[in-house]
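# Structural characterization, general
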Amino acid sequence: MIDPLDDRGRLRVRGFDADADADAVGTRPTADASTTPADDRWERAWRRFRRDRAAVVGLTVIAVMAVLAVLARPVEVGGVVVQPVALSPYDPAASGVAEAYLPPSPAHPFGTDWAGRDVFSRVLYGGRYSLSIGAIAVGLALAVGVPLGALAGYVGGWVDETIMRLVDVLYAFPFLVLAIALVAAFGQGFWKLVAALVAVGWISYARLLRGEVLSVAERDYVLAAKALGVRDRRILARHVVPNAVAPVVVQATLNVGTVVLSAAALGFLGLGLPPGTAEWGSMLSAGRDTLVGGEWWVTVFPGLAIFLFVLSINLVGDGVRDALDPDADTGAYRREAR
C-alpha cells in the first residue's frame with residue numbers, strides 16, 4: 001500500500017517500516033522477530049503430540065523404564081558416585097544369591113536363572129544396555145546421515161553422486177546381515193556393537209533427507225535467500241534442514257525400537273555384548289533352552305521388557321508422525337492460530 005507524499009516529498013510504502021506503522025496506529029508488533037515458520041511448526045507439533053493419548057502413554061512408559069534402568073544400581077563417574085540409589089535388590093552379576101531356577105516369589109519376583117542370579121535385578125539393570133544402545137546408536141546415525149543427506153541434496157554434482165553411490169552399495173546388504181558381519185569383524189563390546197549399528201543405520205536417514213532437501217531447496221524462501229546473497233551454510237542450517245528434517249525425526253523415533261530389536265537379536269546370536277551381561281537379548285540367548293524344561297520365567301520377563309519398550313516406541317513414533325503431518329487437521333491449526 002502506497003501512502004501519499006510525506007513532508008519530504010517522497011512516497012512511503014507501508015509494510016516495510018514496521019515500527020513506524022505501529023507507532024502510527026498506536027500499537028507495537030507483538031510477534032518475536034526471531035521466530036521462523038519452522039519454529040512455529042515444531043510448537044504446533046508438540047501441542048498435537050500432547051493430545052495423542054496413546055503416544056503420551058508410550059512416552060510415559062519409556063520414561064518410567066529409563067528411570068528404573070538408571071536407578072537400578074548406583075552410577076559411578078570417575079570413581080565418584082553420582083547416583084547412589086539401588087532399586088534392584090541384588091547385584092545383577094552376582095551368582096548364587098539363591099538356588100537355581102527358583103520360580104517367581106516375593107523374594108525373587110521374576111525368579112532366578114541357571115546360575116542362581118536374580119532375574120528381576122538383571123531385567124532392571126539390563127535396561128541400561130538396551131535403552132542406551134538404542135538412543136546412542138540412533139543419535140550417532142543421525143549425526144552422520146543428516147549432514148551427508150543435506151550436502152548430497154543441496155550441493156549436488158559429484159558430492160551427491162559419491163554419497164548416494166555409497167548408500168546404494170550399503171543398501172545392497174540386508175540390515176541385520178551387514179550388522180552381523182561388522183560385529184564379527186569388530187568383536188564384542190558395547191561401543192563396538194553401537195559402531196556396527198551406526199555404520200548400517202545412517203544410510204536411511206541420508207537418503208530420506210536428501211529427497212526432502214531436493215524439494216525444499218526449490219521453494220521461494222530458499223531462492224529468495226540465495227538472491228539476497230545469504231551464505232549456503234546459513235541457508236542449509238536456517239531454512240533447508242529445519243523444514244526438511246521432520247520425516248527423518250519420525251523415522252529415527254521408530255528406528256529406536258528397530259535398533260533395540262537388532263541389538264537383542266545380535267545378543268541372542270551371541271554376537272552382541274559378552275556372555276553373562278545383563279542385556280535383554282543376551283538373557284534370552286542364555287535361557288533359550290529353559291522353556292522346554294518349564295523354567296519359563298528366565299526368558300518371558302526379558303522378552304516382555306523388549307516387547308513393552310518396542311511397543312511404546314512405536315506408539316510414540318506414530319504420534320510424532322501424526323503431529324508433524326502438515327496436512328492433518330488443518331482446521332485445528334487455524335483455530336489454534338486465532
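Remember, it's a predicted structure, so these values are computed and weren't measured experimentally.

What counts, and where the lines are drawn
- Residues numbered from 1 in each chain as written.
- Predicted model: local features only at pLDDT ≥ 70, side-chain atom pairs only at ≥ 80, totals over all residues.
- Heavy atoms only, no water.
- Helix = DSSP H or I, 4+ residues; strand = E, 2+ residues; numbered from the N terminus.
- Buried < 20%, exposed > 50% of the residue type's maximum accessible area, 1.4 Å probe, protein only.
- Contact = heavy atoms within 4.5 Å.
- Core = buried A, V, L, I, M, F, W, Y, C linked by side-chain atoms within 4.5 Å.
- UniProt positions renumbered as here; feature names shortened; annotations may be inferred.
- Pairing = 2+ DSSP bridges.
- Axes fitted to C-alpha atoms, helices over the stretch in contact; angles between N-to-C directions.
- Parallel < 35°, antiparallel > 145°, perpendicular 65-115°, else oblique.
- Left-handed = near helix turned anticlockwise from the far one by under 90°.

### Here's the deal with the environment of Val 248
Inspection of the secondary structure puts Val 248 in helix α10 (residues 246-268). Residue Val 248 is classed as buried on the basis of its relative accessible area, which comes to 1%. Taking the C-alpha atoms as reference points, Val 248 and Arg 207, separated by 41 residues in sequence, lie 9.7 Å from one another. In this structure, Val 248 is in contact with Leu 142, Val 146, Tyr 205, Leu 208 and Leu 209, ignoring residues within four places of it in sequence.

### Focus: the nonpolar core
Grouped together as the largest cluster of nonpolar side chains are 75 residues, with contacts concentrated most on Val 123, Ile 133, Leu 193, Leu 197, Val 240, Trp 280 and Phe 309. With 14 residues, the single largest contributor to this core is helix α7 (residues 190-216). Ignoring anything within four residues of it in the chain, the contact list for Trp 280 reads Met 65, Val 123, Gly 126, Gly 127, Ser 130, Leu 131, Pro 302, Ala 305, Ile 306 and Phe 309.

### Remarks on the UniProt feature "transmembrane region" (unreviewed entry) in the protein
Using the residue numbers shown here, the UniProt feature "transmembrane region" (unreviewed entry) corresponds to residues 54-72, 129-154, 166-184, 190-209, 256-276 and 296-316. In residues 166-184, helix accounts for 84% and strand for 0%; the two terminal C-alpha atoms are 21 Å from one another. Between the C-alpha atoms that bound residues 296-316 the distance is 30 Å, and the span itself is 95% helix and 0% strand.

### Digging into the side chain of Ser 121
Relative to the helices and strands, Ser 121 resides in helix α4 (residues 119-155). Look past the residues within four positions of Ser 121 in its chain and what remains in contact with it is Ser 88, Pro 89, Tyr 90 and Pro 92.

### Regarding the pairing of strand β2 (residues 80-83)
Sheet topology note: the strand β1 (residues 75-77)/β2 ladder contains three bridges and is antiparallel. Across the sheet, the residue bridging to Glu 76 is Val 81, located in β2. The hairpin turn running from β1 into β2, its antiparallel successor, is two residues long, and Gly 78 in that turn takes a positive phi close to 65°.

### Points about the packing of α4 against helix α5 (residues 157-171)
Helix packing geometry: the angle between the two helix axes and the distance between the axes. Their axes nearest at 7 Å, the elements α4 and α5 cross at an angle of 140°. Taken together, the axes of α4 and α5 are oblique relative to one another. With respect to the hand of their crossing, α4 and α5 are arranged in left-handed fashion. Along its contact with α4, which presents Leu 148, Leu 151, Ala 152 and Val 155, the element α5 presents Gly 157, Val 159, Asp 160, Ile 163 and Met 164.

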